[in-house]
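# Tertiary structure, described
One letter stands for each residue in the lines below.
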Amino acid sequence: MANKSEKKPFGQRFAAGLKEAWRKFLVAIKRRPQMIPLVVLVAAFLVYSLNLMHVSDTTAKIQGAGMGLAGFATMLFSMLSMVCFMNAFPYRKKVNIPMLVLMFVMLGVVIFADVYYLGRISAALNRADNPITITASTLYIAYAQWYVRMHIIILCVAIVLIVLLPVYSKWIRKIRTSVEVTDNGAMGEIDISGDDA
């Protein structure tokens, strides 16, 4: 048993722990590189859903045609597109093409709904008759615009990552994640001949 004096310092143990955690993370990514675009899709959903209050307040204030339906479509098809994504990339199986196509259609609907929603806000702010002005009391409209734009940008990043998945997954698989075993000099002393003494 090793003495306490031989125990590595905390800093070295912490660094070794971080290195091992990073290695395990890379191994998981190598096995399932499709997790990268899935995380981006989840991030897009969280950006929109966690700021839904601003979107709802903006819809109630402007009351533009189809704004509520656009917000509902964004939430619904965002969730369904993630379900389609997980079904499109089953573990250790070939890509499910119909699910992949359906996912892209749903993401297209989500982006269209977001663009339509932004158009309704822009029309309300720039209309000739009684335009809505953004003040301290209606600052949520500016927040809604910003978060919907961010949602579109993150979705576009996710789409690019999905399209390029076959390319960067090959690069990821080339990353070395094997553990190096060091020889402490005792390997030569092991008798593997099987002869009895």
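All of these numbers come straight from a predicted model, not from anything done at the bench. (Residues numbered from 1 in each chain as written. Predicted model: local features only at pLDDT ≥ 70, side-chain atom pairs only at ≥ 80, totals over all residues. Heavy atoms only, no water.)

### What about the overall build of the chain?
Along its length, the chain carries 7 helices and 0 strands. In sequence order, the secondary structure elements of the chain are arranged as α-α-α-α-α-α-α. Each of the 197 residues in the chain was classed as buried or not, and the buried ones make up 30%. Taking contacts inside the chain between residues at least 6 apart in sequence as the whole, the part at least 24 apart equals 79%. Summed over all atoms, the accessible surface of the chain reaches about 13,400 Å², with 66% contributed by carbon and sulfur. (Helix = DSSP H or I, 4+ residues; strand = E, 2+ residues; numbered from the N terminus. Buried < 20%, exposed > 50% of the residue type's maximum accessible area, 1.4 Å probe, protein only. Contact = heavy atoms within 4.5 Å. Areas by Shrake-Rupley, 256 points an atom, 1.4 Å probe, with all protein chains shown as cover.)

### Considerations on empty space enclosed by the protein
Tallied over the entire structure, the rule returns 1 cavity of 30 Å³ or more. By volume, the largest cavity is sized at about 40 Å³. In this structure, the largest cavity is lined by Leu41, Ala44, Phe45, Ser78, Ser81, Met82, Leu107, His151 and Leu155. Counting residues per element, the ones that place at least two in the lining of the largest cavity are helix H2 (35-49), helix H4 (67-88) and helix H6 (139-163). Split by residue class, the lining of the largest cavity holds 6 nonpolar, 3 polar and no charged. (1 Å grid on protein atoms, 1.4 Å probe; cavity = no way out; pocket = protein on both sides within 12 Å on 5 of 7 lines; lining within 4 Å. Points joined across faces, edges and corners; volume = space filled by probe spheres on them. Nonpolar A, V, L, I, M, F, W, Y, C, P; charged D, E, K, R; others polar.)

### Structural notes on the packing of helix H3 (residues 52-62) against H4
Packing of H3 against H4 brings their axes to within 9 Å, and their N-to-C directions diverge by 160 degrees. Taken together, the axis directions place H3 and H4 in an arrangement best described as roughly antiparallel. As for how H3 packs across H4, the hand of that crossing is left-handed. Along the contact surface, H3 presents Leu52, Thr58, Thr59 and Ile62, while H4 presents Met67, Gly68 and Met75. Looking at the contact of H3 with H4 residue by residue, the class counts come to 4 nonpolar, 3 polar and no charged. (Axes fitted to C-alpha atoms, helices over the stretch in contact; angles between N-to-C directions. Parallel < 35°, antiparallel > 145°, perpendicular 65-115°, else oblique. Left-handed = near helix turned anticlockwise from the far one by under 90°.)

### Quick word on the side chain of threonine 74
Among the structural elements, threonine 74 can be located in helix H4. When its relative accessible area of 1% is taken as the criterion, threonine 74 is described as buried. Beyond its immediate stretch of four places on either side in the chain, threonine 74 contacts Tyr48, Val110, Ala113, Asp114 and His151.

### A word on the packing of aromatic side chains
The relation between two aromatic rings is expressed through the spacing of the ring centres and the mutual angle of the planes. Tallied over the full model, the rule gives 2 aromatic pairs. Where tryptophan 146 meets tyrosine 147, the ring centres are 5.1 Å apart and the plane angle is 85 degrees; that geometry is what we call edge-to-face. The exposure class assigned to tryptophan 146 is partly exposed, which follows from its relative accessible area of 48%. A residue is classified by how much of its surface remains accessible, and tyrosine 147, at 22% relative accessible area, is partly exposed. (Phe/Tyr/Trp six-rings, centres within 6.5 Å; stacked < 30°, edge-to-face > 60°.)

### Re unusual backbone geometry
Notably, glutamine 63 is not glycine yet its phi reads approximately 55 degrees, a positive angle. Mapped onto the fold, glutamine 63 is located in the loop between H3 and H4. A relative accessible area of 64% places glutamine 63 in the exposed class.

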